[in-house]
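# Report on the structure
Okay, here's what each chain looks like letter by letter:
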Amino acid sequence: MAETKKLLRALAGEVQDVPPIWMMRQAGRYLPEYRATRAQAGDFLSLCYNPELAAEVTLQPIRRYGFDAAILFADILLVPQALGADLWFVTGEGPRLSTITQQSDFDALKPVDAIHETLSPVYETVRILSRELPSETTLIGFAGAPWTVATYMIAGRGTPDQGPAHALREENTALFEALLDRITAATIEYLSMQIEAGAEVVKIFDSWAGSLKGDDFRKYAVEPCRIITQAIKARHPDIPVIGFPREAGDGYVGFAKATGVDCVALDNSVSPEWGAAHVQVDGCVQGNLASKHMVTGGQALIDETRHIVEAFSKGPHIFNLGHGITPDADPENVQLMIDTVRSR
Ligand code: CP3
């Protein structure tokens, strides 16, 4: 049977007049219905581990806007927690974790096999979603890339320059690499379980890839993504993989070939013309409207949306933002973006 889902068609390389659309963080604090369900759950992590409520917030933006894809509601930091790190969220500040600075911290982590004990509610969320999503909507599973996840595990929080992770990489390379290997192995198992539960595509978020330069980018961004993608493809040959080495700049060039991903997500630090010439030549791309337009709206949103659709119109493209939508976004601007893409 010919594939009917727009997102899967783009990932298979089909050029479409109107590209499929979804948004990073589409279930989030800019939506009043999300805030209400989160309050019902109590806090963010309780929401992540409550399959019924996590499925509900995943479905909210699908009901409101009819996006072509739903992304599982969870967080990249659930994997460190499943490996035994302490994890909590400080309101208004972000995540906090126990740190990894020495061998004994690493030795206290759990083995990869143990992760499913913590993560099984996430697989249940995926099962609910694969039953409840409209037949035209693609379900995307995800995980953080090993480098990005490691930056949080090492520092115990988000950091502007990933300084603690770079310091460990230089001062104790063996420990740093052992940590990356553990996260890589856990990520393969986690994504495989999401696929077995019904995820149709998986995305690997390397939000801090841009701070790895030269050979470090190859060793710690490209190589783990290649290992994960190859392992997923060996087990699930028909499942497309989206890679997002955010702010990779020139590192975007050749990333699909080097890793085997089916699609490269572009942030908005690169122009769509550059992305079309240097990245879309190798296959599907996703992106890359600046999230600020979801706050400011107006003619600038319309013009930039049209510009991006036009620039990527000669190859396979999935319309998305360059990074997650922010809590101060206006839900009406999201509708304006969708109408602009679909009225093409
Ligand atoms: O895209 C989606 O809608 C799916 C769900 C999703 C979340 N986080 C929910 C979330 C996804 C794919 C993520 C990925 C994620 N999480 C990344 C990679 C992508 C990126 O944004 O760079 C990272 C680095 C994290 C870690 C994380 N989670 C941070 C740093 C924070 C705090 C910052 C913030 O925006 O508050 C989170 C919290 C988080 N994850 C929220 C959501 C909806 C907000 C939590 C809340 O409701 O208070």
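Now for a look at the structure at hand. (Residues numbered from 1 in each chain as written. Predicted model: local features only at pLDDT ≥ 70, side-chain atom pairs only at ≥ 80, totals over all residues. Heavy atoms only, no water.)

### Quick notes on the overall build of the chain
Looking only at helices and strands, the chain features 16 helices and nine strands. Whereas a compact globule of 344 residues would reach a radius of gyration of roughly 20 Å, the chain reaches 19 Å, a difference of no more than 12%. For the chain, the spread of C-alpha atoms along the three principal axes comes to 55 × 45 × 40 Å. The buried share of the chain, reckoned over its 344 residues, is 58%. In the chain, once contacts between residues fewer than 6 apart in sequence are set aside, the share between residues at least 24 apart is 74%. (Helix = DSSP H or I, 4+ residues; strand = E, 2+ residues; numbered from the N terminus. Rg over C-alpha atoms; globule rule 2.2 N^0.38 Å. Buried < 20%, exposed > 50% of the residue type's maximum accessible area, 1.4 Å probe, protein only. Contact = heavy atoms within 4.5 Å.)

### Thoughts on the site of the ligand
Around the ligand there are 22 residues in total, and Arg 29, Tyr 34, Arg 38, Asp 75 and Ser 207 lie nearest to it. A distance of 2.7 Å separates a nitrogen atom of the ligand from a polar side-chain atom of Asp 75. A distance of 2.8 Å separates an oxygen atom of the ligand from a polar side-chain atom of His 323. Protein coverage of the free-state accessible area of the ligand, which is 870 Å², stands at 87%. Placement of the ligand is best described as lying within the largest pocket. Residues belonging to the shell around the ligand are distributed by class as follows: 15 nonpolar, three polar and four charged. (Near = heavy atom within 4 Å. Polar contact = N/O pair within 3.5 Å; in protein donor to acceptor, adjacent residues only side chain to side chain. Areas by Shrake-Rupley, 256 points an atom, 1.4 Å probe, with all protein chains shown as cover. 1 Å grid on protein atoms, 1.4 Å probe; cavity = no way out; pocket = protein on both sides within 12 Å on 5 of 7 lines; lining within 4 Å. Sits in = over half its atoms within 2 Å of the grid points. Nonpolar A, V, L, I, M, F, W, Y, C, P; charged D, E, K, R; others polar.)

### Focus: helix H11 (residues 214-235)
For H11, spanning 22 residues, the distance from its first C-alpha to its last is 31 Å, which sits close to the expected 32 Å at 1.5 Å a residue. At Val 222, H11 is deflected by roughly 30°, the largest bend along its length, and proline Pro 224 occurs up to four residues later in sequence. Within the sequence span of H11, burial applies to Asp 216, Phe 217, Tyr 220, Ala 221, Val 222, Pro 224, Cys 225, Ile 228, Thr 229, Ala 231 and Ile 232. In this structure, the buried residues of H11 make contact with helix H8 (146-155), helix H9 (163-171), helix H10 (173-197), strand E5 (201-206), strand E6 (241-245) and helix H12 (255-259). (Expected span 1.5 Å × (residues − 1). Bend = angle between axes of the 7 residues up to and from the residue.)

### Observations concerning the pairing of E6
Of all the five residues making up E6, five are buried; the element is thus mostly covered by neighbouring parts of the structure. The alternating pattern of E6 places Val 241, Gly 243 and Pro 245 on one face and Ile 242 and Phe 244 on the opposite face, and all of these are buried. In this structure, E5 lies alongside E6, joined through five bridges in parallel fashion. Its bridge partner lying in E6, Asp 206 is registered against Pro 245. Here two bridges tie E6 to strand E7 (residues 263-265), and the two strands are oriented parallel to one another. Within E7, the position partnered with Gly 243 by the bridge is Val 264. (Pairing = 2+ DSSP bridges.)

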